[in-house]
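# Analysis of the macromolecular model
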Amino acid sequence: MKFATYTDGSGRAHAAVLQDDLLYAVPAATSVKDLIGDGLDGLLARGRAALDGSDPVPLGSVRLEAPLRPPSMRDSMCFHEHIANCMGSVDPLHHKFPAFYLSNHAAVLGPSDEAPISPGCEAFDYELEVAAVIGRPGSNIRPQDARDHIVGYTTYIDWSARDLQFEEMEVRLGPAKGKDGATTLGPVLVSADELEPLRSGKGFDVAMSVAIDGTPISTGNWSTIDWSFDDVVAYTSRGTHLATGDVLGSGTVGKGCLFEQRALDPEGFRGWLREGEVVTFEVDRIGRMDIRVGAPLPRHALSSGH
């Protein structure tokens with residue numbers, strides 16, 4: 001099943017099942033986060049009840065929001081092709097654990113929102129990723145138990161200010177302002193059972209693609225991932241607690257950002273994102289998002305430095 005969060009004409013929020021471009025609201029739920037705490041079985045039960053008992057609303061008549069506002073977000077580096085394309089090689093440590101950083105859960109955008117250019121950024125980029133969403137909370141979760149905690153998946157777009165990112169990481173800290181401006185989630189949460197028939201390698205046989213203003217930029221496949229989400233759940237929950245609604249990003253699929261395009265073909269590089277461009281992200285079974293690049297946000301000078 002596909003689950004979405006939308007706002008109606010009066011601005012009220014609803015969680016719903018999406019089927020055939022119709023939304024079936026789940027009673028007493030204003031976000032997908034309200035549906036997932038009992039795990040996959042509970043989610044599917046509430047979805048079936050909504051399909052049986054709710055009057056459908058056309059998708060085109062409402063505003064689609066991010067499926068949920070997570071309590072926390074972590075973003076890993078699970079596609080080693082991305083690392084090799086950007087850096088020229090893969091550090092052996094990437095084969096030892098799925099490295100991650102803590103992202104800004106307060107800066108989540110939905111599929112109807114523009115992505116504003118970060119303050120002071122002249123090298124604005126996207127990263128096409130997928131993400132697992134935690135339903136049943138837990139700590140020190142074993143890889144073989146991880147699927148009991150993953151309730152579903154969504155698309156995760158990590159908007160990146162590359163020039164800020166490269167500068168601040170010179171001080172061996174971060175990423176910080178290079179990454180915390182915005183992350184787009186959506187358009188829906190796909191329940192974990194829906195992808196199981198497509199399981200392949202350490203991921204799923206699910207195509208992923210990017211286009212800018214209608215021009216294809218790259219294609220990839222989830223099945224090329226080098227760390228499974230089972231391992232990501234186990235590693236990120238080690239010595240800490242994953243809560244209901246926590247979002248775990250996969251890192252960028254191979255060729256899934258402009259930084260890679262520049263590294264692979266500097267002479268043919270199209271340039272960084274510009275205000276007004278529309279970036280189309282499509283992940284099979286999850287859906288398509290057309291995200292407009294918004295105007296740059298203002299930068300306020302510091303008392304010393306910039």
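So, here is what we can say about the structure in this document. (Residues numbered from 1 in each chain as written. Predicted model: local features only at pLDDT ≥ 70, side-chain atom pairs only at ≥ 80, totals over all residues. Heavy atoms only, no water.)

## Side note on the pattern of salt bridges
Our working definition: Salt bridges are defined as contacts in which a side-chain nitrogen from Lys or Arg sits within 4 Å of a carboxyl oxygen from Asp or Glu. A helix here means a DSSP run of H or I that spans at least four residues, while a strand means a run of E at least two residues long, and both kinds are numbered starting from the N terminus. Three labels apply to residues, based on accessible area from a 1.4 Å probe with only protein chains included: buried if under 20% of the type maximum, exposed if over 50%, partly exposed otherwise in between.
Evaluated as defined, the whole model comprises 17 salt bridges. In this structure, the salt-bridge partner of Arg 74 is Asp 246, at a minimum N-O distance of 3.9 Å. Placement of Arg 74 in strand S6 (residues 73-76) and of Asp 246 in the loop between strand S20 (241-242) and strand S21 (247-249) is noted, with a sequence separation of 172 residues between them. On the accessibility criterion, Asp 246 (3% relative accessible area) is buried. In this structure, the salt-bridge partner of Glu 81 is Lys 255, at a minimum N-O distance of 2.9 Å. Taken together, the residues Glu 81 in helix H2 (residues 80-87) and Lys 255 in the loop between S21 and helix H6 (258-264) connect sequence positions 174 residues apart. Given the relative accessible area of 34%, Lys 255 is considered partly exposed.

## Some points on the pairing of strand S18 (residues 207-212)
Note the following rule: Strand pairing is assigned whenever DSSP identifies at least 2 bridges connecting the two strands.
Judged from the 6 bridges that link them, S18 and strand S19 (residues 215-221) form a sheet pairing that is antiparallel. Looking at S19, one finds that Met 208 is bridged to Gly 220. The antiparallel pairing of S18 with S19 creates a hairpin that spans 2 residues between the two strands, and Asp 213 there sits at a positive phi of about 50°. Across 5 bridges, the pairing between S18 and strand S22 (residues 278-283) is antiparallel. Across the sheet, Ile 212 pairs through a bridge with Val 279, a residue of S22.

## Comments concerning the pairing of S22
Pairing of S22 with strand S23 (residues 287-294) involves 6 bridges; the strand directions are antiparallel. Bridging from a neighbouring strand, Val 283 pairs with Gly 287 of S23. Two successive antiparallel strands, S22 and S23, enclose a turn made up of 3 residues, where Arg 285 displays a positive phi of approximately 75°.

## Examining the nonpolar core
This is how the line gets drawn: The term nonpolar core refers to a set of buried residues drawn from Ala, Val, Leu, Ile, Met, Phe, Trp, Tyr and Cys, joined through side-chain atoms within 4.5 Å. Between two residues, a contact is recorded if the distance between any of their heavy atoms is within 4.5 Å.
With 62 residues, the main nonpolar core has Tyr 126, Tyr 153, Trp 159, Trp 222, Leu 273, Val 279 and Phe 281 as its most contacted residues. Per-element accounting of this core gives the leading share, 4 residues, to strand S11 (residues 128-134). The contacts of Val 279, once residues within four sequence positions are left out, are Tyr 126, Trp 159, Val 210, Ala 211, Ile 212, Leu 273, Met 289, Asp 290, Ile 291 and Val 293. Of all hydrophobic cores here, the second largest spans 22 residues; its members include Ala 15, Leu 35, Val 108 and Val 133.

## Details of the environment of Asp 125
Our working rule: As used in this structure description, the phrase polar contact means that two N or O atoms lie within 3.5 Å; if the pair is within protein, one of them must be able to donate a hydrogen and the other to accept it, and residues adjacent in sequence are counted only when both atoms belong to side chains.
Tracing the chain through its elements places Asp 125 in strand S10 (residues 124-125). Relative accessible area serves as the criterion here: at 0%, Asp 125 is assigned to the buried category. Once residues lying within four places of it in the same chain are set aside, the contact partners of Asp 125 are Asp 158, Trp 159, Ser 160, Arg 162, Cys 257, Leu 258, Phe 259, Trp 272 and Leu 273. A distance of 2.9 Å separates the side chain of Asp 125 from the backbone nitrogen of Leu 258, its partner in a polar contact. Of the polar contacts made by the side chain of Asp 125, one reaches the backbone nitrogen of Phe 259; its length is 3.0 Å.

## With respect to the packing of aromatic side chains
For any pair of aromatic rings, the description consists of the separation of the ring centres together with the inter-plane angle of the planes. Just so we agree on the cut-off: In this scheme Phe, Tyr and Trp rings, the latter by its six-membered ring, pair at centre separations within 6.5 Å, and the angle between planes marks the pair as stacked below 30 degrees, edge-to-face above 60, and tilted otherwise.
Counting across every chain of the model gives 12 aromatic pairs. Arranged with centres 5.6 Å apart and planes meeting at 70°, the rings of Tyr 126 and Phe 281 form a pair that is edge-to-face. You can see Tyr 126 sitting in the loop between S10 and S11 and its partner Phe 281 sitting in strand S22, a full 155 residues away along the chain. Using a relative accessible area of 0% as the deciding quantity, one classes Tyr 126 as buried. Take Phe 281: its relative accessible area is 1%, and that puts it in the buried class.

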